[in-house]
Amino acid sequence: MVFVPVNKHLLIEEINLSKQEETLIALPEDYVKKSGDRYCTVRFICHSDDCWSMYDDLFDSEGDVILAVERSMIEEVIIRDNKYSIVHQNYVVGVMEEI
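Read on for an overview of the structure. (Residues numbered from 1 in each chain as written. Predicted model: local features only at pLDDT ≥ 70, side-chain atom pairs only at ≥ 80, totals over all residues. Heavy atoms only, no water.)

### Section: the environment of Leu11
Consideration 1: Along the polypeptide, Leu11 turns up in strand S1 (residues 9-14).
Consideration 2: Given a relative accessible area of 8%, Leu11 falls into the buried group.
Consideration 3: The residues touching Leu11, leaving out its near neighbours within four places in the chain, are Phe3, Pro5, Arg43, Phe44, Ile45, Cys46, Tyr84, Ser85 and Ile86. (Helix = DSSP H or I, 4+ residues; strand = E, 2+ residues; numbered from the N terminus. Buried < 20%, exposed > 50% of the residue type's maximum accessible area, 1.4 Å probe, protein only. Contact = heavy atoms within 4.5 Å.)

### Side note on the pattern of salt bridges
Consideration 1: Going through the model one piece at a time under the given rule, you end up with four salt bridges.
Consideration 2: For Arg43, the salt bridge identified is with Glu13, shortest N-O distance 3.1 Å. Here Arg43 is found in strand S2 (residues 39-47), whereas its partner Glu13 is found in strand S1, with 30 residues between them in sequence.
Consideration 3: Note on Arg43: relative accessible area 23%, which makes it partly exposed.
Consideration 4: The partly exposed category is assigned to Glu13, whose relative accessible area is 38%.
Consideration 5: Glu70 is the salt-bridge partner of Arg38, the closest N and O atoms lying 3.8 Å from each other. Here Arg38, found in the loop between S1 and S2, pairs with Glu70, found in strand S3 (residues 65-70); they are 32 residues apart in sequence, far enough to count as distant.
Consideration 6: Exposure remark for Arg38: the relative accessible area of 53% places this residue in the exposed category.
Consideration 7: Residues joined by salt bridges that share partners form a network here, namely Glu13, Arg43 and Asp64. (Salt bridge = Lys/Arg side-chain N within 4 Å of Asp/Glu carboxyl O.)

### Let's talk about the pairing of S3
Consideration 1: Counting buried positions over the six residues of S3 gives six, a clear majority of the element.
Consideration 2: Of the two faces of S3, both are covered, the one formed by Val65, Leu67 and Val69 as well as the one formed by Ile66, Ala68 and Glu70.
Consideration 3: Here S2 pairs with S3 via five bridges, running antiparallel. The residue of S3 that forms the bridge with Thr41 is Ala68. (Pairing = 2+ DSSP bridges.)

What follows is the structure, encoded as structure tokens:
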């Protein structure tokens, strides 16, 4: 099944660029983890036809295009057990090529 975003959304894939070692610690049972960093990096896959023209250039570029986006604005769409991550174009705060 092919998912095509509409309404100025981008189809993305979340990635983790940080290389942190995992450390295990004991926490109280009622501990609530904070949400973490406000921004995260994602791999740009495609965009809706009504997005800004700069995304056409990114889509045509060689190699992976990495975007910095506001983490809380990433939406997950689940259709028939397939999960797609989308974000509105207004929540992209930076572009990095070939990291």
